[in-house]
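Here's the letter readout for the chains.
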Amino acid sequence: MRLAISGGSNGIGAATVALALSRGWEVTILGLGEPEVEGASFIEVDLDDETSISHAVSELEPGFDAYVGCAGVPPRDGFSIETLSINFLGTRLLAEKVIPLMNKGGAIVHVASLAGRAWQDNLTQNLALMALKRRDQLAEFVSGQEIDDVRAYNLSKEAVILWTILQSERMTQMGLRANSVSPAATQTGILSEFQTAFGQRTSNNMSRIGRPGKPEECAEVIMFLASQESHWVRGVDIRVDGGLWAMQTSDALNS
């Protein structure tokens, strides 16, 4: 079995690579930094650069059984355009270019975020973002929509979830399937950046569910969706959040 994964050099991606390798998969990592895990091949790619994406894909040999889109950036001050470019436009473009290289019966798994759970409440804005094709269109979009850094992150993850859902019928017709995974706060190297961006809310949420998630816990779900064991699961977003969404939903219903 062959797996291509973006963002497999660290964090949840690295945990996914390690798990895949332990199960005998052949893994190719597409990313910016050299991988933490040994045993996988590596191709450099910058998801903020369309040319870099095209070049990276040109180095891939066809015949992948799964593709995992795990690369992304957290909310950062003054980084709204880059966030939308990397987390959605680049993520979507890379997936589109890898799809023709996949075997029949293959699976696409995108790593979104619990921060993207409100896509239905922001459908118009999501569809407007999805209509964009180029990075140079983002400045006007961000300005016109008055999108700040946190909203850019949330929107990028909403769009990943929605785009994955919308691909389900197309993927089925191609003999493929697509799903997404939405972790809550996870113990990775960028957790502190989420705490800075989202403030006390992140700490409160982690306290409520007992701890942040572990990358390995997300990796287990990702590899389930990448494997044939989940062959009848299509167009689904699975929350890996320790029950946080359920608690917050209960709060809303009881308020």
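Let me sum up the structure you'll find in this document. (Residues numbered from 1 in each chain as written. Predicted model: local features only at pLDDT ≥ 70, side-chain atom pairs only at ≥ 80, totals over all residues. Heavy atoms only, no water.)

This part covers the overall build of the chain. A tally of helices and strands in the chain yields 11 helices and seven strands. Over its C-alpha trace the chain gives a radius of gyration of 17 Å, about what one expects of a compact globule, namely 18 Å for 255 residues. Based on the C-alpha atoms only, the size of the chain along its principal axes is roughly 50 × 40 × 35 Å. Among the 255 residues that make up the chain, the fraction classed as buried is 52%. Taking the intrachain contacts of the chain between residues at least 6 apart in sequence as the baseline, contacts between residues at least 24 apart amount to 74%. Counting every atom, the chain has about 11,600 Å² of accessible surface; 50% of that belongs to carbon and sulfur. (Helix = DSSP H or I, 4+ residues; strand = E, 2+ residues; numbered from the N terminus. Rg over C-alpha atoms; globule rule 2.2 N^0.38 Å. Buried < 20%, exposed > 50% of the residue type's maximum accessible area, 1.4 Å probe, protein only. Contact = heavy atoms within 4.5 Å. Areas by Shrake-Rupley, 256 points an atom, 1.4 Å probe, with all protein chains shown as cover.)

All right, on to a nonpolar patch on the surface then. Together, Leu123, Leu127 and Leu166 line one region of the surface with nonpolar side chains, adding up to about 260 Å² of accessible area. Positionally, Leu166 belongs in helix H6 (residues 149–166). (Patch = residues over 30% accessible without salt bridge, like charges linked within 9 Å, V, L, I, M, F, W, Y side chains within 5 Å. Salt bridge = Lys/Arg side-chain N within 4 Å of Asp/Glu carboxyl O.)

Regions of empty space are outlined by a rolling probe, equal in size to a water molecule, passed over the atoms. Within this structure, the stated rule accounts for one cavity of 30 Å³ or more. Of the pockets and cavities examined, the largest cavity occupies roughly 40 Å³. Residue lining of the largest cavity: Ser6, Leu47, Gly69, Cys70, Ala71, Asn87, Thr91, His110, Val111, Lys157 and Val160, and that is the complete set. At the level of secondary structure, the elements contributing two or more residues to the lining of the largest cavity comprise helix H3 (80–98), strand S5 (102–111) and H6. (1 Å grid on protein atoms, 1.4 Å probe; cavity = no way out; pocket = protein on both sides within 12 Å on 5 of 7 lines; lining within 4 Å. Points joined across faces, edges and corners; volume = space filled by probe spheres on them.)

Glancing now at helix H10 (residues 215–226). For H10, spanning 12 residues, the distance from its first C-alpha to its last is 16 Å, which sits close to the expected 16 Å at 1.5 Å a residue. Along H10, the positions that sit buried rather than exposed are Pro215, Cys218, Ala219, Val221, Ile222, Met223, Leu225 and Ala226. (Expected span 1.5 Å × (residues − 1).)

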